[in-house]
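Here's the letter readout for the chains.
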Amino acid sequence: MSQHRGTETDFERTTIERLEQVGYTHRLGLEIDRPPEQVVLRDSLRGNLARRYPNLPDTVLDEAVARLARPDGVDTIRRNLAFHRDLMKGLELPVEYPDGRRETVYVWGIDWEWPEANDFQVVNQLPVRGQNDRRPDIMLYVNGLPLVVLELKNPWAEAPTVEHAWTQVQHYTHDISQLFDFNALCVVSDGVTTLHGQWPAGMEWYAPWKSIDGVDVEPGTTASMKTLVEGLLTPQRLLRYVRDFVLFEIANEQITKKGAKYHQYFAVQAAAERAIAAVRPGADRRLGVVWHTTGSGKSLTMAFLVGMLRRAPELANPTFVIQVDRTDLDNQLYDQFVLLRDLVGDVSHAGSVGKLRELLTGDAGEVVFTTTAKFQLDEGEMEHPVLSTRQNVIVIADEAHRSQYGFAGGFARYLREALPNARFIGFTGTPVSFAGADTVAVFGNLIHTYDIRQSQEDQATVPIFYAPRQIKLHLSRTDLDEALEDIVEGEPQDELERRKSKWAALAAAAGARDRVTSLASDMLAHYRERTATLAGKAMVVCMTRENCVRLYDALTALPGCPEVQIVMTGDITRDPPEWSEAGHLTTKKQREALKKRFKNPDDPLAIVIVCDMWLTGTDIPCLHTLYVDKPMRGHTIIQAISRVNRVFRDKPHGLVVDYIGIGDDLREATSRYTAGGGRGEPAPDVSSEAVPVFQAALAALRETLPPGQAYGAWRRLSGIALEDLYALVYGTLADDDARRDAFLDAEQRLTHAFLLVKHLDECRPHADEVIFAQRVRKQLRKALPGRGPCRDIERAVRDLVDDSVDATGVVDIFRAAGIELADISILDDRFLQTFKEHPRENLRLRLLEKLLRDELDRRRSRNLTKDRSFRELLEKTIQQYHNRLVDAAAVIKAMLEIKKELEADEARAAALGLEPEEVAFYDALSTNLESAYEQGFLRDLVHDVVQTVKARLKVEWTQPHRDQVKADVRAAVKRVLSRRGVRAEDLDILLDAVMKQAEALYRDWPLAA
């Protein structure tokens, strides 16, 4: 192995070595003989099947290979789904033996039970023919089936990054789409950041794999290739992941593919082991509790667990009872599982007590959804009848908190009477101590923990911040406290409204006309200001349905209000008829349609108002602000604020805006969260957390700028003074790459932090300083050599600079430096005369250097001969200037000479009767043998050579795997040279010159054609 370290090839070799160490056999793709459009290694597949099924006739083996290698489907996602189904269920094939016997057999492309019976290969640089020919870095094959694609970028280079690797995979899905008919997962890495994900997913859904054993977690947000290979890609782990942790959500014509993250994988593995052990005689029926913070994929974790356990032979086709404590949660989770039928099997919903009893006394193997309240006694019953005595009934309690207790008399007791031998497992988004009862006594010990801090470190969720913005109530704090004491956590809010007089009084005060008018005005202003710089949507939580309607009326009466909808159920026997007329009372179907619209970031529905609905179990990634006008406590408050913690594009955070005073309760919830073992704060106060971050970022940014300037006062400067200020900053940053990079880092932190604090009196005055920094960043990225933005920040986060704020216009860096146009044509004699008089000649030199380098890069592929001479002259002149051997005027004079030569080249091409691309070949030939051949001979020769080369080019023809194409081009050019009368002794010299120029000029054929 090479001892050199510093190229993408080295990273590729090291990764292959890691894979070899865990059990893969390496093959070089260029040496594999197969039709270039085929990505399945059919010989490997057939060989493995023949070893595992030695008694099957050849015709059956051939049929199995054909079906696995060509899955059905009208597009890639459907073919990928069909292939996955074939892997999971096996192929049902008819067999006719030589003796006349006939039977049906199942053939599996992969032996799931005995990993060692499979062939694991790591293949690099396999050429694949498609819309455009491509060659992925590394692919992992199991029995000749390409299950994993790894795209790598050089760890030792500033660019490209892991995002470029992801972008390249997206190109593969179009150019060589047949590869993704079989793909189970993708890996992208730049050595610093290593992520895994599903090929149809956006970059935000790619995630680090941060543990090898499920106990020790790698620090940081990026994870390493070592951890991913040893934690996920070992042969046994890979098979388990593909079988149990890849799923397809199927909703009508829409198919979404998802895969587990590391915390889900290890939690399900541990929970499944406990469930299997629990069926042994005398085993504890309490399986334990999975505590995964809200927003980290708890519903999918349940589905993965059900999918794994339903296949476990020890459980003998178990029944799963998924139990929630509220109807809306029941419906949401049920709908999720219906979309995952391929993984979890048959799904039923117990809509009534009778239906529940019918389902649980029936056959085994179903997933039954029910609320806790369905386990109630019928009239005349003293105890709940036994519905099943089977040992393989597994009850999964969603949000294992206080509604799961009450054994002295209540639904939890009746559930256990109905299912006396069932096994119980709890899932929760909050620590077990949060419930206020002995959760361990009910469900058992913790199985796995994934808390807020870990989730945010992994970027599985975004941070949430809290901002108090109260509208005063005409109600004493004592009255408010007493009303809060009356709230019974977990009970339906409409029951509370009828039963709790103090709650009703508080709700009436909160819904008073003057208060609601003030609330709507402030809320809309806040939302419009927030969405001016952060694209996204908002949810408002009110105390009662009446208050929801009042706030809706007040909001929609304001000018500039975006579309608002209320999401609530109705009672036509009690509700005013005008609520129906206004469309406030919605059916389940209507609410689902609203949810679909609200999830769409491009849909105009911007704000929803709720009372109880959508506060738990609802994923709306583009939701970034929660306005709270309802007292909440404990478990409920954590659930509600977590609606805004979902990952979405470049959303930096979620924000909870408190209008009624939940701050004390949030702090109490936080203290109980940390006391229960949770790390991280559910929603730190903006003032205490975000303001120091903003102040630190502002201080860091100021350190990078020239001292003694009032950057926040730029609006009061004259036009000339402002241009001079920008020129001073640009010049300072342009002369020091480290300082420039420190500025760009600080500006990005400052922009994100200011989104949270711009409404605060102590931070608002700094808005113009932030705008100034954003302008400088934009011009630096546009005008100076250096790093570009890692991510498109404007997908979710927009700058403060807009037409209304930025009335003076953006100052152009070239103009500030005294350069009127960003064009090389500025290098003229008039400019040379004025250059030395400019006070910031360094800045101007850097700009001019960039302009000339851009022009040379543009021309580079055209003419290698000229490019070398121009570039050498430029490098030498700039180096002399930095060494202070020449002055700025001499540098400009040298640049001017280069410009004149470039212009002379264009005139020469016209005089010779050649196209620009032909001039490059003419120079390549004449440089070597101009004295030996006449100009006319060389011109006609060039015409012929260029046509010959272009007629034989293919996609990526310069790549090593296209050596045959290159050889064909070379042979054709050699024939032209011979036919045209080039002497034998000159043939190789001219041939080499032509091929070098052709490779430079047509490297990106046909894109560059």
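So, here's what we can say about the structure. Within each chain, residue numbers correspond to sequence positions counted from 1 in written order. Totals for whole chains, interfaces and linings use all residues, but because this is a predicted model, local features are given only for residues with pLDDT of at least 70 and pairs of side-chain atoms are given and counted only at 80 or more. Note that water and hydrogens are dropped before the side-chain values are worked out from all heavy atoms of the structure.

## Let's talk about the overall build of the chain
Then step 1. Helix and strand assignments follow DSSP, with helices taken as H or I runs no shorter than four residues and strands as E runs no shorter than two, numbered in order from the N terminus. A count of helices and strands for the chain gives 37 helices and 23 strands.
Then step 2. Here the chain holds 1009 residues, and 54% of them are scored as buried.
Then step 3. What makes two residues a contact is simply this: any of their non-hydrogen atoms within 4.5 Å. The contacts in the chain between residues at least 6 apart in sequence include a share of 73% that link residues at least 24 apart.
Then step 4. Accessible surface for the chain amounts to roughly 43,200 Å². Of this, 48% is attributable to carbon and sulfur atoms. Each residue is assigned to one of three classes by its accessible area relative to the maximum for its type, calculated with a 1.4 Å probe on protein chains only: buried under 20%, partly exposed between the two thresholds, exposed over 50%. Per-residue and other accessible areas follow the Shrake-Rupley method at a 1.4 Å probe size, with only the shown protein chains counted as cover for residues.

## Let's talk about the sheet that holds strand S12 (residues 319-324)
Then step 1. Note on pairing: two strands pair once DSSP finds at least 2 bridges between them. Taken in spatial order, the 7 strands make up an open sheet running S13-S14-S12-S15-S16-S11-S17, and their pairing is parallel. Lying at the two open borders of the sheet, with one neighbouring strand each, are strand S13 (347-349) and strand S17 (446-450). Taking the axes of each pair of neighbouring strands and ignoring which way they run, one obtains an average angle of 15° across the sheet.
Then step 2. Note: strand S11 (residues 286-292) against S17, 4 bridges, orientation parallel. By the bridge assignment, Val-290 is partnered in S17 with His-448.
Then step 3. To get an axis, a line is fitted to the C-alpha atoms, and for a helix only the part in contact is used. The angle between two axes follows their N-to-C directions and goes from 0 to 180 degrees. The strands touched by helix H8 (residues 262-277) within the sheet are S11, strand S15 (393-398), strand S16 (423-428) and S17, with S17 carrying the most contacts at an inclination of about 175°.
Then step 4. Here helix H12 (residues 353-360) sits on the sheet and contacts S12, S13 and strand S14 (367-371); the angle it forms with S14, its principal contact strand, is near 150°.

## With respect to the packing of helix H7 (residues 235-244) against H8
Then step 1. Between H7 and H8, the least distance of the axes is 12 Å, while the angle of their chain directions is 90°. By the angle class used here, H7 and H8 are roughly perpendicular. On H8, the residues touching Arg-237, Arg-240 and Tyr-241 of H7 are Tyr-265, Phe-266 and Gln-269.
Then step 2. Each residue is assigned to one class: nonpolar for Ala, Val, Leu, Ile, Met, Phe, Trp, Tyr, Cys and Pro, charged for Asp, Glu, Lys and Arg, and polar for all the others, Gly among them. Here the contact of H7 with H8 is built from residues that sort into 3 nonpolar, 1 polar and 2 charged. The scheme is simple: roughly parallel for angles under 35 degrees, roughly antiparallel for over 145, roughly perpendicular for 65 to 115, oblique for anything else.

## Concerning the pattern of salt bridges
Then step 1. Between Lys or Arg on one side and Asp or Glu on the other, a salt bridge is scored when a side-chain nitrogen of the former is within 4 Å of a carboxyl oxygen of the latter. With the rule as written, the count across this model stands at 36 salt bridges.
Then step 2. With a closest N to O distance of 2.7 Å, Glu-563 and Arg-597 form a salt bridge. Of this pair, Glu-563 sits in strand S20 (residues 563-567) while Arg-597 sits in helix H22 (residues 588-599); the two residues are 34 residues apart in sequence, bridging distant segments of the chain.
Then step 3. Judged by relative accessible area, which is 26%, Glu-563 ranks as partly exposed.
Then step 4. When the shortest N-O distance is used, the salt bridge between Asp-603 and Arg-597 registers 2.8 Å.
Then step 5. Accessibility expressed as a relative area gives 17% for Asp-603, which makes it buried.
Then step 6. Shared partners join several salt bridges into a network, and the residues in it are Arg-46, Asp-58 and Asp-62.

## Some words on the environment of Pro-313
Then step 1. With respect to the helices, strands and loops of the structure, Pro-313 is situated in the loop between helix H9 (298-309) and S12.
Then step 2. The class of Pro-313 is exposed, set by a relative accessible area of 68%.

## Brief notes about the nonpolar core
Then step 1. In plain words, nonpolar cores are sets of buried Ala, Val, Leu, Ile, Met, Phe, Trp, Tyr and Cys residues tied together by side-chain atoms within 4.5 Å. Residues Leu-147, Leu-233, Phe-337 and Ile-425 are the most contacted members of the largest nonpolar core, which totals 123 residues.
Then step 2. Sequence-distant contacts of Leu-147, defined by excluding residues within four places in its chain, comprise Phe-83, Leu-87, Ile-110, Leu-140, Val-142, Phe-182, Asn-183, Ala-184, Leu-185 and Val-242.
Then step 3. Grouped together as the second largest cluster of nonpolar side chains are 63 residues, Ala-520, Tyr-527, Leu-655 and Phe-754 included.

## Thoughts on the sheet that holds strand S22 (residues 623-629)
Then step 1. Read from one edge to the other, the open sheet built from 6 strands follows the order S18-S23-S22-S19-S21-S20, with strand pairing classed as parallel. The strands lining the two open edges of the sheet, one partner per strand, are strand S18 (464-468) and S20. Taken over all neighbouring pairs, the strand axes of this sheet differ in orientation by 20° on average, direction set aside.
Then step 2. Pairing of strand S19 (residues 537-542) with S22 involves 6 bridges; the strand directions are parallel. Looking at S22, one finds that Met-539 is bridged to Leu-626.
Then step 3. Packed onto the sheet, helix H20 (residues 545-556) meets S19, S20 and strand S21 (605-610) and runs at close to 175° relative to S20.

## So, the environment of Gly-663
Then step 1. Among the structural elements, Gly-663 can be located in helix H24 (residues 663-675).
Then step 2. Sequence spacing of Gly-663 and Met-632 is 31 residues, and the spatial spacing of their C-alpha atoms is 10.0 Å.
Then step 3. The residues touching Gly-663, leaving out its near neighbours within four places in the chain, are Tyr-466 and Asp-658.

## With respect to helix H27 (residues 737-757)
Then step 1. The span expected for a helix works out to 1.5 Å for each residue beyond the first. Taking 1.5 Å per residue, 21 residues should reach 30 Å; H27 reaches 30 Å between its end C-alpha atoms and fits that length.
Then step 2. When we look at burial in H27, the residues that qualify are Arg-740, Phe-743, Leu-744, Ala-746, Glu-747, Leu-750, Thr-751, Ala-753, Phe-754, Leu-755, Leu-756 and Val-757.

## A short note on the environment of Asp-992
Then step 1. Positionally, Asp-992 belongs in helix H37 (residues 984-1001).
Then step 2. Judged by relative accessible area, Asp-992 falls into the partly exposed class, the value being 35%.
Then step 3. Sequence separation of Asp-992 and Arg-970 is 22 residues, and the distance between their C-alpha atoms is 8.8 Å.

## Description of the pairing of strand S5 (residues 138-142)
Then step 1. Within S5, 5 of the 5 residues are buried, which leaves it mostly tucked inside the rest of the structure.
Then step 2. Across the two faces of S5 the burial is the same, with Ile-138, Leu-140 and Val-142 and Met-139 and Tyr-141 all buried.
Then step 3. In terms of strand pairing, strand S4 (residues 120-124) meets S5 through 5 bridges, oriented antiparallel. The partner of Val-122 across the bridge, within S5, is Leu-140.

## Looking at unusual backbone geometry
Then step 1. Phi is positive for Asn-143, close to 55°, though the residue is something other than glycine.
Then step 2. Owing to a relative accessible area of 0%, Asn-143 belongs among the buried residues under this scheme.
Then step 3. Non-glycine residue Trp-614 carries a positive phi angle of around 65°.
Then step 4. With respect to the secondary-structure elements, Trp-614 resides in the loop between S21 and S22.

## Some details on the packing of aromatic side chains
Then step 1. Pairing of aromatic rings covers Phe, Tyr and the six-membered ring of Trp, with a centre-to-centre limit of 6.5 Å; geometry is then stacked below 30 degrees between planes, edge-to-face above 60, and tilted otherwise. This structure, assessed with the given rule, holds 20 aromatic pairs.
Then step 2. Judged by centre distance (5.4 Å) and plane angle (65°), the rings of Trp-209 and Tyr-265 are edge-to-face. Of the two residues, Trp-209 is situated in the loop between strand S8 (194-197) and helix H6 (225-231) and Tyr-265 in helix H8; the sequence distance between them amounts to 56 residues.
Then step 3. The exposure class of Trp-209 is buried, given its relative accessible area of 0%.
Then step 4. Relative accessible area serves as the criterion here: at 1%, Tyr-265 is assigned to the buried category.
Then step 5. Ring geometry for Phe-337 versus Phe-369: centroids 5.1 Å apart, planes at 75°, classification edge-to-face. In this pair, Phe-337 is assigned in helix H10 (residues 327-338) and Phe-369 in strand S14, connecting sequence segments 32 residues apart. For the pair formed by Phe-337 and Phe-369, the shared burial category is buried.
Then step 6. If you follow Arg-101 out to its NZ or CZ, it ends over the ring of Tyr-97, 4.2 Å from the centre.
Then step 7. Over the ring of Trp-714 we find Arg-775, and its NZ or CZ is 4.2 Å from the ring centre. Only lysine NZ and arginine CZ atoms are considered, and such an atom sits over a ring when it is within 6 Å of the ring centre and within 35 degrees of the ring normal.

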